[in-house]
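Examination of the molecular architecture
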Amino acid sequence: VGAGPVGMTLSILLAKKGFEVDVIERRTNPNTGLQHNEWRSTNFTIIDRGIKGFRRAGVWDDGLLEYTSKIKYFQVNLENGDSYRFTYGGVSNG
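Just so it is clear, the model here is predicted, and its values are computed rather than measured. (Residues numbered from 1 in each chain as written. Predicted model: local features only at pLDDT ≥ 70, side-chain atom pairs only at ≥ 80, totals over all residues. Heavy atoms only, no water.)

The terminal C-alpha atoms of helix 1 (residues 5-16) lie 17 Å apart, and with 12 residues this matches the ideal 16 Å at 1.5 Å per residue to within 8%. All of the buried residues along helix 1 are Gly 7, Thr 9 and Ser 11. Those residues of helix 1 hidden inside the fold are in contact with helix 2 (48-57). Backbone geometry just after helix 1 places Gly 18 at a positive phi near 100 degrees. (Helix = DSSP H or I, 4+ residues; strand = E, 2+ residues; numbered from the N terminus. Expected span 1.5 Å × (residues − 1). Buried < 20%, exposed > 50% of the residue type's maximum accessible area, 1.4 Å probe, protein only. Contact = heavy atoms within 4.5 Å.)

Another point: the confidence of the model for the protein chain. Averaged over the protein chain, the pLDDT score is 78; the fraction of residues at 70 or greater is 74%. No element of the protein chain has a lower mean pLDDT than strand 5 (residues 90-93), which averages 52, and none a higher one than strand 4 (residues 83-87), which averages 88. (pLDDT = per-residue confidence, 0-100.)

Right, let's get into the pairing of strand 4. As defined by bridge partners, strand 3 (residues 73-77) adjoins strand 4 across 5 bridges and the pair is classed as antiparallel. Its bridge partner being in strand 4, Gln 75 is matched across the sheet by Arg 85. Following strand 3, the chain reverses through 5 residues before pairing antiparallel with strand 4; Gly 81 in that reversal takes a positive phi of roughly 95 degrees. (Pairing = 2+ DSSP bridges.)

Laid out in structure tokens, this is it:
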């Protein structure tokens with residue numbers, strides 16, 4: 001499986017079921033390697049429902065919360081000047 005978040009989660013779940021798993025990343029250096037002709041960000045955002053899913057799968061450690069920052073919203077700015085702020089409770093025009 002790949003070394004992204006889904007691949008890593010799957011590898012843990014398969015190993016818990018007794019499978020021998022090899023984690024292989026296609027890029028030699030994920031921080032600088034190109035994928036689909038675009039640079040990739042190494043930022044990783046998990047919202048509350050993702051944490052709940054990881055807990056349910058048995059692959060979440062609450063100690064990870066020490067290294068997190070709470071994100072209240074994110075904003076998308078369009079080329080035409082429109083912007084939208086997305087919160088985890090809905091959408092509001094910015």
